[in-house]
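Residue-level structural notes
Spelled out from the first residue to the last, the chains are:
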Amino acid sequence: MKSLEELLAIKAQMQEKVAMRKSSGDIRIVVGMATCGIAAGARPVLNAFVEGVNDNGLGASVTVTQTGCIGICQFEPVVEVYEKDKEKVTYVKMTAEKAKEVLEKHIKGGKPVTEYTIGASNI
Amino acid sequence: MDELSLYVLDIAMNSVRAGASRILILLEEDEETLKFSVTDNGCGMTKEQVEKIKDPFFTTRKTRKVGLGIPFLTMLAEGTGGYVNLTSTPAAEGEHHGTKTEALFYRHHLDFIPLGDMTETVKTLIQGSPDIDFVYRHKTPIGEVSLDTEELRAVLGDISLSEPEILAWIGGNLTEQYQNLRR
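This text gives an overview of the structure that appears in the document. Keep in mind it's a predicted model, so treat the numbers as computed, not measured. (Residues numbered from 1 in each chain as written. Chains lettered and ligands numbered in written order. Predicted model: local features only at pLDDT ≥ 70, side-chain atom pairs only at ≥ 80, totals over all residues. Heavy atoms only, no water.)

1. Considerations on the overall build of chain B
Counted only if it meets this: Helix numbers and strand numbers start at the N terminus; a helix is a DSSP run of H or I with at least 4 residues, a strand a run of E with at least 2. For a compact globule the rule gives 2.2 Å times the number of residues to the power 0.38, and the radius of gyration it is set against comes from C-alpha atoms. We call two residues in contact whenever any of their non-hydrogen atoms come within 4.5 Å of each other.
Counting secondary structure elements, chain B contains 6 helices and 6 strands. The order of α-helices and β-strands along chain B, N terminus first, is α-β-β-α-α-β-β-α-β-β-α-α. For 183 residues, the compact-globule formula gives about 16 Å, and the C-alpha radius of gyration of chain B, at 17 Å, lands near that figure. Principal-axis analysis of the C-alpha atoms gives chain B an extent of 40 × 40 × 30 Å. The contacts in chain B between residues at least 6 apart in sequence include a share of 62% that link residues at least 24 apart.

2. Points about unusual backbone geometry
Residue and element names in this part refer to chain A. The condition that has to hold: Each residue gets one of three labels from its accessible area relative to the maximum for its type: buried under 20%, exposed over 50%, partly exposed in between, using a 1.4 Å probe on protein chains only.
Backbone torsion omega between E76 and P77 reads -5°, so that peptide bond is classified as cis. Along the chain, the position of P77 falls in the loop between β2 (62-67) and β3 (79-83). With phi around 65°, D85 is a residue other than glycine that occupies positive phi space. Residue position: D85 is located in the loop between β3 and β4 (89-91). Relative accessible area serves as the criterion here: at 78%, D85 is assigned to the exposed category.

3. Topic: the pattern of salt bridges
Residue and element names in this part refer to chain B. Heads up, the rule is: By salt bridge we mean one thing: a side-chain nitrogen of Lys or Arg within 4 Å of a carboxyl oxygen of Asp or Glu.
Overall, the coordinates contain 14 salt bridges over all chains when judged by the stated rule. We note a salt bridge from R22 to E150, for which the minimum N-O separation is 3.6 Å. Here the residue R22 occupies a position in strand β1 (residues 22-29), and E150 occupies one in helix α5 (residues 149-156), the gap between them amounting to 128 residues. When the shortest N-O distance is used, the salt bridge between E102 and K35 registers 3.9 Å. Here K35 lies in strand β2 (residues 33-40) and E102 lies in strand β4 (residues 98-106), a separation of 67 residues in the sequence. By relative accessible area, K35 is classed as partly exposed at 24%.

Dropping the structure here:
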């Protein structure tokens, strides 16, 4: 059972790690979670990023956050990736599958997946 | 949107944007109906705003000109013979301000859509707003599932609820509660 005792144990394990995390946060992944995003399938996209960051142990350098409607509803689910000293990358019409690919190639590999970005002509 | 849990997420997001510090999500099921309510202590709305809220061309946001959440929900609930009820007290009118949105669905109607994954909805809300107190209760004829972030916070101290490890625990806890119900 996922008990409060187990939560307490997780807390104990985390305390050191979290102290380290506060100093960094180089990459920020922002998922649009307004009605337009939710209706287009943003919830599984967000959770794919959250789980992917956890599974790959990227918590120290990557944060996943939510935002409201950014005004391009027809392209939802929209995901923005902010990285220090780099231009923002905007991914459009995302899915959980594409999120895993972005995590692998862009977040871990450093190369944006251009065919899923808003600049790609075939969207 | 093809599951009710997405509508619950969308309505609860309104509470987040209303600046609530506490949001109660209550689901009540019986043989005939499913009712959910989202109650917050956010900024609330004036009578005029509440009247306009079912109009899809009304919104307070600035990035697009139409509001979609409540009209979508109303269409869906009324389509099953149910209703959406919205009550609100604006902050200007006193201490006990906030909004309650309640939706009732008839489960046996052809246009009723499944509840879907409430665990994902609760996780998404906590991930996005780890400092808000969420109380989640789902009452069914065979038992109840509940989660109160205030209790978790008491255990966690200064560790954020949005930490991936904690979210994983929350997901696991709710999943287990639902599995125990079905047993």
